[in-house]
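Observations on chain architecture
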Amino acid sequence: GDSVTQMEGPVTLSEEAFLTINCTYTATGYPSLFWYVQYPGEGLQLLLKATKADDKGSNKGFEATYRKETTSFHLEKGSVQVSDSAVYFCALTQGISNFGNEKLTFGTGTRLTIIP
Amino acid sequence: DVKVTQSSRYLVKRTGEKVFLECVQDMDHENMFWYRQDPGLGLRLIYFSYDVKMKEKGDIPEGYSVSREKKERFSLILESASTNQTSMYLCASTQGGAGGGNEQFFGPGTRLTVL
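Since the model is a prediction, treat every value here as computed from it, not as a measurement. (Residues numbered from 1 in each chain as written. Chains lettered and ligands numbered in written order. Predicted model: local features only at pLDDT ≥ 70, side-chain atom pairs only at ≥ 80, totals over all residues. Heavy atoms only, no water.)

What to know about the overall build of chain B
For chain B, the helix and strand inventory stands at zero helices and eleven strands. When the helices and strands of chain B are placed in sequence order, the string is β-β-β-β-β-β-β-β-β-β-β. Structurally, chain B occupies a C-alpha span of about 45 × 30 × 25 Å along its principal axes. Residues counted as buried form 49% of the 115 residues belonging to chain B. The contacts of chain B with a sequence gap of at least 6 include a subset with a gap of at least 24, amounting to 55%. Of the accessible surface of chain B, which amounts to about 5500 Å², a share of 48% is contributed by carbon and sulfur atoms. Separation between the mean location of the 15 positive side-chain charges and that of the 15 negative ones in chain B comes to 6 Å. (Helix = DSSP H or I, 4+ residues; strand = E, 2+ residues; numbered from the N terminus. Buried < 20%, exposed > 50% of the residue type's maximum accessible area, 1.4 Å probe, protein only. Contact = heavy atoms within 4.5 Å. Areas by Shrake-Rupley, 256 points an atom, 1.4 Å probe, with all protein chains shown as cover. Lys, Arg positive; Asp, Glu negative; His and termini not counted. Charge placed at Lys NZ, Arg CZ, Asp CG, Glu CD.)

This is how it looks when you write it as structure tokens:
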């Protein structure tokens, strides 16, 4: 079945550091790829997504590129802020919208803490 | 602003009790989901529904059932709560559509403790 493997946490960085959180996937067909973020005490919210190979998703200074050849979707940010402290989840859905194909398969999550 | 609401943020129940978790979305979405979130395991799908009165098992349905009598409401039922069902429960919804890749909108979660 489909699966997502992401970098184990927790990750602690200083403010303004460069961030990479690795994510690789195993899936049949042509999945859509997502990064969701969970701030303390809240539900998940979409950070960015990419629906086909070589697409780059970006939002709030974060970006990730859908690499089919390496089955990866690594999250990057050039200069992190304290407000970026959260748990980040990589996820996929199958690309064909059909009954049941909207369900997300998640990675285990990476807790990120940014210290001033 | 789109919204998914869950009936409780925190819930404490006793072993053997029947527990109802309610989720309501105001976006007229077709698809609704229940996940549980546990440290080190990420989110795992319990059940989902793609239409009123329609439901499908997810990856970990044992010990749970669901009900979707109206499009906007999706209920998760723990028939006889057990301590291993202590967890954070998250509801989500999404509009179906060609090509997939649709954003799921999540509620704030219900932290359930079973004593």
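Once you've had a look at it, read on.
Some points on the sheet that holds strand 8 (residues 62–65) of chain A
Residue and element names in this part refer to chain A. Spatial ordering of the open sheet is given by 3-9-8-7, a layout of four strands whose pairing is antiparallel. The strands lining the two open edges of the sheet, one partner per strand, are strand 3 (19–21) and strand 7 (56–59). The sheet shows a mean angle of 15° between the axes of neighbouring strands, taken without regard to direction. (Pairing = 2+ DSSP bridges. Axes fitted to C-alpha atoms, helices over the stretch in contact; angles between N-to-C directions.)

Observations regarding the sheet that holds strand 1 (residues 4–6) of chain B
Residues and elements named next belong to chain B. The strand order across the open sheet built from four strands is 1-3-8-7, with neighbouring strands paired in antiparallel fashion. The sheet is open, and its two edges are formed by strand 1 and strand 7 (64–70), each paired on a single side. Between one strand and the next, the sheet's axes are offset by a mean angle of 20°, whatever the strand orientation. In terms of strand pairing, strand 1 meets strand 3 (residues 19–25) through three bridges, oriented antiparallel. The partner of valine 4 across the bridge, within strand 3, is glutamine 25.

Some thoughts on the pairing of strand 3 of chain B
Residue and element names in this part refer to chain B. Only one face of strand 3 is covered, namely the one carrying Val19, Leu21, Cys23 and Gln25; the face carrying Phe20, Glu22 and Val24 has none of its residues buried. Judged from the six bridges that link them, strand 3 and strand 8 (residues 73–78) form a sheet pairing that is antiparallel. Bridge assignment links cysteine 23 to a residue of strand 8, and that residue is phenylalanine 74.

Thoughts on the packing of aromatic side chains
Using the criterion set out here, one finds twelve aromatic pairs over all chains in the structure. Pairing phenylalanine 33 of chain B with phenylalanine 48 of chain B gives two aromatic rings, centres 6.0 Å apart and planes at 25°, and the pair type is stacked. Of this pair, phenylalanine 33 of chain B sits in strand 4 (residues 31–38) while phenylalanine 48 of chain B sits in strand 5 (residues 42–51), and the two are 15 residues apart along the sequence. This pair shows no difference in class: phenylalanine 33 of chain B is buried, exactly as phenylalanine 48 of chain B is. Through pairs of rings, three or more aromatic residues link up here, namely Phe34, Tyr36, Phe89 and Phe106 of chain A together with Phe33, Tyr35, Phe48 and Phe106 of chain B. (Phe/Tyr/Trp six-rings, centres within 6.5 Å; stacked < 30°, edge-to-face > 60°.)

Regarding the state of the cysteines
All names here are of chain A. Scanning all chains against the criterion turns up two disulfides over all chains. The partner cysteine of cysteine 23 in its disulfide is cysteine 90, sulfur to sulfur 1.9 Å. With the S-S bond torsion at -70°, the cross-link from cysteine 23 to cysteine 90 turns out left-handed. Remark: cysteine 90 occurs in strand 10 (residues 86–93) and cysteine 23 occurs in strand 4 (residues 23–26); sequence separation between them is 67 residues. (Disulfide = S-S within 2.5 Å.)

So, the interface of chain A and chain B
At the junction of the two partners, chain A supplies 25 residues and chain B supplies 27 residues. Buried surface at the junction of chain A and chain B, both sides included, amounts to about 1800 Å², of which 56% is carbon and sulfur. One can count zero salt bridges joining chain A with chain B. Where chain A meets chain B, there are three residue pairs in polar contact (both at pLDDT 80 or more). Top contributing element to the side of chain A that touches chain B by residue count: strand 5 (residues 32–38) of chain A, with four residues. Here the side of chain A that touches chain B is composed, by residue class, of nine nonpolar, twelve polar and four charged. (Buried area = accessible area lost by both parts, 1.4 Å probe. Salt bridge = Lys/Arg side-chain N within 4 Å of Asp/Glu carboxyl O. Polar contact = N/O pair within 3.5 Å; in protein donor to acceptor, adjacent residues only side chain to side chain. Nonpolar A, V, L, I, M, F, W, Y, C, P; charged D, E, K, R; others polar.)

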